[in-house]
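One-letter residues, chain by chain:
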Amino acid sequence: MAATPVEAIEPAGRRLPAFATWRALTILVTAMAVLGPLSLILYQSLLTAPFFDPSKQLGLGAYEFIFRDADFWKALRNSLLISTGMTLIAVPLGALLAFVMERTDLPGKRWFEPFILVPSFVSPMVLSFGFVVAAGPVGFYTVWVQELFGIEQAPWGLYSIAAMAVIAGLTHVPNVYVYASAALKNLGSDVEEAARVAGASPLRVALEVSLPLIMPSLLFSAVLVFFLGIELFGLPLVLGDPEGILVMATYLYKLTNKLGVPSYHLMAAVAVCIVAITFPLVLMQRHLLQGARKYATIKGKAGRMKELPLGAWAWPAAALLATFVFVTVIVPISGIALRAFVTNWGFGVNLSEALTLESFRFVFHEPTHIRAILNTILVGVVGGALTVAWYTAIGFAGHRRNDGWSRFIDYLVLVPRAVPGLLAGLAFLWVFLFFPPLTPLRTTIFSVWLAYSVVWLAYGMRLISSSLMQVSPELEEAGRSVGASRGVISLQITLPLIRTGLMASWLLVFMIFEREYSTAVYLLAPGTEVIGAQLVSLWQGGAIDIVAALSLINIVLVGVGLAIALRFGVKLRD
Amino acid sequence: MAELTVENLHLTYGTNPILKGVSMVLNRGEVVSLLGPSGSGKTTLLRAVGGLESPHKGSIRIGEKVVFDGERGLEVPAEARNLGLVFQSYALWPHKTVADNVAFGLKLRKVSTGDIGTRVQKALDELSLGHLAQRFPHQLSGGQQQRVAIARALVYNPPVILMDEPLSNLDAKLREEARAWLRELIVEMQLSALVVTHDQAESMAMSDRILLLNNGVIEQQGTPQQMYDTPETLFTADFMGSNNRLPGKVAQVQDGHALLEGAGWKLWGRSRASTRNGGDGTGMIRLERMRVATGPGDNRIEPELTTSMFLGDKWEHIFHLGETTLRAHTAAALAKGRHWLEIPRDSFWVF
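Treat the numbers as computed from the prediction; the structure is a model and nothing was measured.

## A look at the overall build of chain A
The secondary structure content of chain A amounts to 26 helices and 0 strands. Against the globule reference of 25 Å for 574 residues, chain A gives a C-alpha radius of gyration of 26 Å, in line with a compact fold. Looking at chain A as a whole, 47% of its 574 residues are labelled buried.

Listed below in structure tokens is the structure:
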């Protein structure tokens with residue numbers, strides 16, 4: 001063939017600088033949003049008085065004060081006890097449930113999975129409250145059990161450190177479950193089959209092959225549960241209060257009123273102490289995660305694997321699952337659902353006569369509550385979309401780049417993880433007070449949205465980057481080879497490809513924002529009400545009826561998100 | 001004596017039938033390959049023998065022991081079948097050293113610790129892995145990992161060893177060496193082995209008998225020579241080598257031979273069971289049986305040479321005869337243009 005050579009068409013001028021500018025801007029804004037509030041906490045903790053007080057001086061007085069306070073040490077001890085207890089409960093149980101769900105032929109197990117995950121989507125404040133109204137001293141279940149068996153006292157109590165550790169342990173099972181089941185899924189079934197063929201019984205395979213191989217993931221989730229234990233706020237606030245049991249976060253919260261005047265410097269010192277415990281744990285987790293990936297390098301093809309026949313063990317396995325779901329999900333949620341329709345409950349009250357819509361009527365007559373509901377929806381739907389857009393921008397800023405900035409983003413994203421929501425809310429409150437230009441925004445829902453977005457940065461970035469990682473690098477490299485700049489590739493190749501992943505992230509972020517409560521506690525002001533923070537404040541005021549009604553509304557909002565997610569087959573975990 | 005007997009095995013994934021009645025026998029000291037394209041059911045058959053898939057009909061016997069019987073609802077679990085299985089991915093346990101990987105099967109068989117040590121070392125030495133005993137799998141090369149996987153399957157002397165594409169994870173050059181090494185090992189140790197492969201050259205080189213699977217049934221079985229030289233079906237003929245196909249009309253059938261006619265050509269070849277006089281037919285000949293001739297003659301055609309490729313040990317040429325493309329090898333280069341090609345009638349099958 002005598003073909004004439006065709007003249008090459010050069011790609012049009014590349015607009016790389018535009019992408020670089022956007023990247024720099026994204027990193028700068030994120031760094032300010034993450035590091036600004038934290039630095040402010042650190043600075044405040046080193047002052048002898050609140051930062052707005054003219055008499056403030058640099059000094060360690062705040063630390064000296066709290067270290068001399070016996071309550072601080074008690075709270076620290078309680079936090080460590082509860083964290084240890086809940087880790088010991090959540091890790092084995094989560095691993096066991098993951099094994100049953102991933103490896104056995106238990107009938108109807110797919111139907112169970114959303115229920116196992118429910119506790120991670122319902123606000124801990126709401127769940128704890130649910131436990132009180134269902135199984136507290138005059139809870140529905142307590143009364144029923146007492147009437148049924150004719151006993152004076154229910155054989156359980158909620159207001160002790162042990163009970164808190166058990167409840168916290170049960171409600172944190174999903175955190176372990178998602179990591180353990182993902183690890184089991186990723187574990188090539190061939191290594192287990194090889195052991196079976198070599199002559200090992202299923203139990204032996206589970207103990208000698210599967211367990212050691214998912215151990216890094218279990219350790220990872222153990223550290224996660226432990227530091228979530230240090231951060232616990234809603235649960236000890238509800239269950240610890242009656243007996244005056246304080247943990248770190250509730251100690252911090254009570255400190256506000258302790259001296260009668262704003263004691264920001266003391267709160268900051270406690271906050272620094274909490275972060276000093278959690279941040280090393282976060283770094284340790286990151287280290288463990290790399291360990292978890294060690295085994296993933298030699299992975300067989302993840303073929304379909306024959307499920308392990310349970311035989312007679314199906315009953316104990318089903319009983320375990322059912323008990324877990326009953327105690328952790330059904331009891332508290334049914335408690336709230338009932339309590340919301342009852343204003344008057346105790347011994348000898350006939351439930352069918354006590355049913356009323358009074359609480360809801362009250363909620364919908366009170367502008368603050370209506371605003372709280374609307375704000376909660378607004379911050380979840382619109383705020384959630386904006387948050388996903390922000391996270392996506394961060395994702396692109398670090399995507400397939402291996403320079404210093406990418407590593408900086410990696411660590412930057414980790415930082416908020418170590419900061420409990422309560423502290424983050426406090427820090428943002430101070431940011432809004434400290435910088436006069438921002439002060440007008442303080443009474444708008446923007447302040448809550450910003451704090452939420454920063455608190456959930458690490459969680460959200462995992463969602464975004466798992467979507468980004470699914471795009472095969474060849475697709476982007478092919479874009480470059482035909483002459484597209486990074487910016488064009490990001491917008492026209494990668495972004496359309498991760499569209500579904502982003503929609504799913506939006507939904508998950510919506511649910512998380514509906515559930516969030518502690519971050520908004522200190523930001524609560526006329527105009528910034530959200531249900532979560534409102535619940536904390538109403539609980540303090542003892543308005544149980546309203547708390548029940550608002551809790552139910554909160555559960556419904558999360559439930560709507562959950563229903564949409566299940567309807568569209570969104571994976572509830574990464 | 002039969003070490004493994006499979007009778008009329010059926011297996012279905014959901015509503016999708018994978019095996020539709022497969023029967024086979026593996027005798028002691030024999031290597032049988034399961035050959036077939038992807039989706040033919042060869043790996044499924046191997047996994048069913050290993051106890052990793054559940055068939056719904058038929059039976060499997062290992063020696064005298066029935067390990068699966070659909071009618072009686074009997075299914076012996078994988079760990080009680082006492083087989084050795086070499087996985088395509090090797091499936092080495094990443095948290096155990098090479099020695100521990102190999103020792104695991106012995107440990108489960110309650111062999112004493114001292115014995116385990118000697119037997120593991122012996123197995124590793126036989127496969128030239130002795131010096132790697134304390135390494136972890138990720139510290140080994142692909143070829144070494146493959147040998148560890150084999151050692152692990154052999155160490156407890158199972159009566160039958162199953163291999164799922166044992167060479168496919170090695171790169172091309174290493175694969176040829178490993179093929180020779182593996183055949184020698186199997187012969188030397190007098191193993192009875194069932195080997196899955198999708199590569200016909202590999203199956204011919206490694207095995208005493210080949211079972212060609214197509215779409216869940218056995219298309220043809222026999223020794224490598226039988227499979228290569230006397231294919232019974234077009235599928236077998238096509239799968240077993242590199243071929244030229246010539247579509248045409250069957251003009252005449254007599255004495256085991258048939259005359260195939262196309263536009264401007266007529267060729268005699270061997271008729272097969274499916275050859276129908278007066279119907280459409282497909283002629284097929286292995287590439288290496290094509291001969292370039294100097295002039296016209298019996299069973300010759302005159303296509304046009306358009307492209308030549310130098311392959312090192314020979315030349316490959318591409319000819320066009322009307323719509324049909326033909327390939328042939330020669331030792332020396334050929335000029336472009338028309339050439340005479342001889343199609344030896346005993347090497348040309350008409351299906």
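## Focus on the overall build of chain B
Along its length, chain B carries 8 helices and 23 strands. With the principal axes as the frame, chain B shows a C-alpha extent of 75 × 50 × 35 Å. Sequence-distant contacts in chain B: of pairs separated by 6 or more residues, those separated by 24 or more amount to 62%.

## Structural notes on the sheet that holds strand S4 (residues 57–62) of chain B
Residues and elements named next belong to chain B. Taken together, the 5 strands give an open sheet; going across it, the order is S2-S1-S4-S5-S6, and neighbouring strands pair in antiparallel fashion. The open sheet has two edge strands, strand S2 (16–27) and strand S6 (74–75), and neither has a second partner. The pairing of strand S1 (residues 2–13) with S4 spans 5 bridges and is antiparallel. By the bridge assignment, Thr-5 is partnered in S4 with Arg-61. The strands touched by helix H1 (residues 42–50) within the sheet are S1, S2 and S4, with S1 carrying the most contacts at an inclination of about 115°.

## Regarding the environment of Ser-263 of chain A
Residues and elements named next belong to chain A. Assignment of secondary structure puts Ser-263 in the loop between helix H12 (248–258) and helix H13 (264–294). A residue is classified by how many C-beta atoms lie within 10 Å of it, and Ser-263, with 20 of them, is buried. Spatially, the C-alpha atoms of Ser-263 and Ala-49 are 7.2 Å apart, while their sequence positions differ by 214 residues.

## Considerations on the pairing of strand S18 (residues 304–310) of chain B
Side-chain direction in a regular strand flips from residue to residue, so the side chains alternate between the two faces of the sheet. All names here are of chain B. Of all 7 residues that make up S18, 0 are buried, and the element is exposed over most of its length. Where S18 meets strand S19 (residues 315–321), 6 bridges bridge the pair, whose relative direction is antiparallel. Note that in S19 the partner of Phe-310 across the bridge is Trp-315. Between the end of S18 and the start of S19, which pair antiparallel, lie 4 residues, with Gly-312 showing a positive phi angle near 100°. The pairing of S18 with strand S21 (residues 337–338) spans 2 bridges and is antiparallel. Paired with Glu-304 across the two strands is Arg-338, which belongs to S21.

## Concerning unusual backbone geometry
In terms of backbone geometry, most residues other than glycine have negative phi values and most peptide bonds are trans. All names here are of chain B. A positive phi angle, close to 45°, is found at Asn-8, a residue other than glycine. Looking at the element boundaries, Asn-8 is found in strand S1. With a phi angle near 50°, Ser-128 is a residue other than glycine that sits in the positive phi range. Under the C-beta neighbour-count criterion, Ser-128 is labelled exposed, with 11 such atoms within 10 Å.

## What to know about the sheet that holds strand S17 (residues 300–301) of chain B
Strand order in the open sheet made by the 3 strands is S16-S22-S17 (chain B), with antiparallel pairing throughout. What marks the edges here is a single partner per strand, and that holds for strand S16 (291–293) and S17 of chain B.

## Regarding helix H14 (residues 314–339) of chain A
All names here are of chain A. For H14, spanning 26 residues, the distance from its first C-alpha to its last is 35 Å, which sits close to the expected 38 Å at 1.5 Å a residue. For H14, the principal kink sits at Phe-326 and spans about 40°. Those residues of H14 that sit buried are Leu-321, Phe-324, Thr-328, Val-329, Pro-332, Ile-333, Gly-335, Ile-336, Leu-338 and Arg-339.

## Brief notes about the confidence of the model for chain A
Scored by pLDDT, chain A has a mean of 87; 93% of the residues are at 70 or more. The low-confidence segment residues 297–302 of chain A (pLDDT under 50) makes 18 contacts with residues lying over four places distant or belonging to another chain.

## So, the nonpolar core
With 264 residues, the main nonpolar core has Ala-180, Leu-252, Val-270, Ala-271 and Ala-427 of chain A together with Val-102 and Leu-194 of chain B as its most contacted residues. With 14 residues, helix H10 (residues 202–231) of chain A is the largest single contributor of residues to this core. If we ignore the near neighbours within four places in the chain, the residues touching Val-102 of chain B are Val-120, Ala-123, Leu-124, Val-148, Ala-151, Arg-152 and Val-155 of chain B.

## Some details on the pairing of strand S20 (residues 324–330) of chain B
Of the pairings in the sheet, the one linking S19 of chain B to S20 of chain B comprises 7 bridges and is antiparallel in character. Paired with His-320 of chain B across the bridge in S20 of chain B is Thr-325 of chain B.

## Here we look at the interface of chain B and chain A
In this complex, chain B contributes 22 residues to the contact, which on the side of chain A involves 21 residues. Per-element accounting of the side of chain B that touches chain A gives the leading share, 3 residues, to helix H2 (residues 98–108) of chain B. A breakdown of the residues in the side of chain B that touches chain A according to their chemical character gives 12 nonpolar, 7 polar and 3 charged.

## Points about helix H9 (residues 189–198) of chain A
Buried residues dominate H9 of chain A, accounting for 9 of its 10 residues. For H9 of chain A, the full list of buried residues reads Asp-190, Val-191, Glu-192, Glu-193, Ala-194, Ala-195, Arg-196, Val-197 and Ala-198 of chain A. The elements touched by buried residues of H9 of chain A are H10 of chain A together with H1, strand S7 (84–86) and H2 of chain B. Directly after H9 of chain A, the chain includes Gly-199 of chain A, whose backbone phi takes a positive value near 115°.

## Here we look at the environment of Val-558 of chain A
Residue and element names in this part refer to chain A. When you line up the elements, Val-558 lands in helix H26 (residues 544–567). With 21 C-beta atoms counted inside 10 Å, the residue Val-558 sits in the buried group. For the pair Val-558 and Pro-202, spaced 356 residues apart in sequence, the C-alpha to C-alpha distance is 39 Å. Leaving out residues up to four positions away in the same chain, Val-558 has contacts with Phe-121, Val-122, Met-511, Glu-514 and Arg-515.

## Topic: the packing of H9 of chain A against H10 of chain A
The axes of two packed helices give the description: the angle between them and the distance between them. All names here are of chain A. Running from N to C, H9 and H10 cross one another at 140°; their axes reach a closest spacing of 10 Å. Here H10 runs oblique to H9, going by the angle between their axes. The crossing of H9 and H10 is right-handed. Judged by residue contacts, Val-191, Glu-192, Ala-195 and Arg-196 of H9 engage Val-205, Glu-208, Val-209 and Ser-210 from H10. For the contact of H9 with H10, the class distribution of residues is 4 nonpolar, 1 polar and 3 charged.

## Quick notes on the packing of helix H17 (residues 367–398) of chain A against helix H21 (residues 457–470) of chain A
Residue and element names in this part refer to chain A. For the pair H17 and H21, the least separation of the axes is 9 Å and the interaxial angle reads 60°. With respect to their mutual orientation, H17 and H21 come out oblique. Of the two possible hands of crossing, H17 and H21 adopt the one that is right-handed. Facing H17, whose interface residues are Thr-387, Tyr-391, Thr-392, Ile-394 and Gly-395, H21 presents Gly-460, Met-461, Ile-464, Ser-465 and Leu-468. Looking at the contact of H17 with H21 residue by residue, the classes come out as 5 nonpolar, 5 polar and no charged.

## Side note on the environment of Val-100 of chain A
Residue and element names in this part refer to chain A. If you trace the backbone, Val-100 turns up in helix H3 (residues 70–103). Sequence separation between Val-100 and Leu-320 is 220 residues, and the spatial gap between their C-alpha atoms is 9.9 Å. Leaving out residues up to four positions away in the same chain, Val-100 has contacts with Leu-106, Lys-109, Ala-317 and Leu-321.

What counts, and where the lines are drawn
- Residues numbered from 1 in each chain as written.
- Chains lettered and ligands numbered in written order.
- Predicted model: local features only at pLDDT ≥ 70, side-chain atom pairs only at ≥ 80, totals over all residues.
- Helix = DSSP H or I, 4+ residues; strand = E, 2+ residues; numbered from the N terminus.
- Rg over C-alpha atoms; globule rule 2.2 N^0.38 Å.
- Buried ≥ 20, exposed ≤ 12 C-beta atoms within 10 Å, placed from the backbone.
- Contact = placed C-beta atoms within 7 Å.
- Pairing = 2+ DSSP bridges.
- Axes fitted to C-alpha atoms, helices over the stretch in contact; angles between N-to-C directions.
- Expected span 1.5 Å × (residues − 1).
- Bend = angle between axes of the 7 residues up to and from the residue.
- pLDDT = per-residue confidence, 0-100.
- Core = buried A, V, L, I, M, F, W, Y, C linked by C-beta atoms within 7 Å.
- Nonpolar A, V, L, I, M, F, W, Y, C, P; charged D, E, K, R; others polar.
- Parallel < 35°, antiparallel > 145°, perpendicular 65-115°, else oblique.
- Left-handed = near helix turned anticlockwise from the far one by under 90°.

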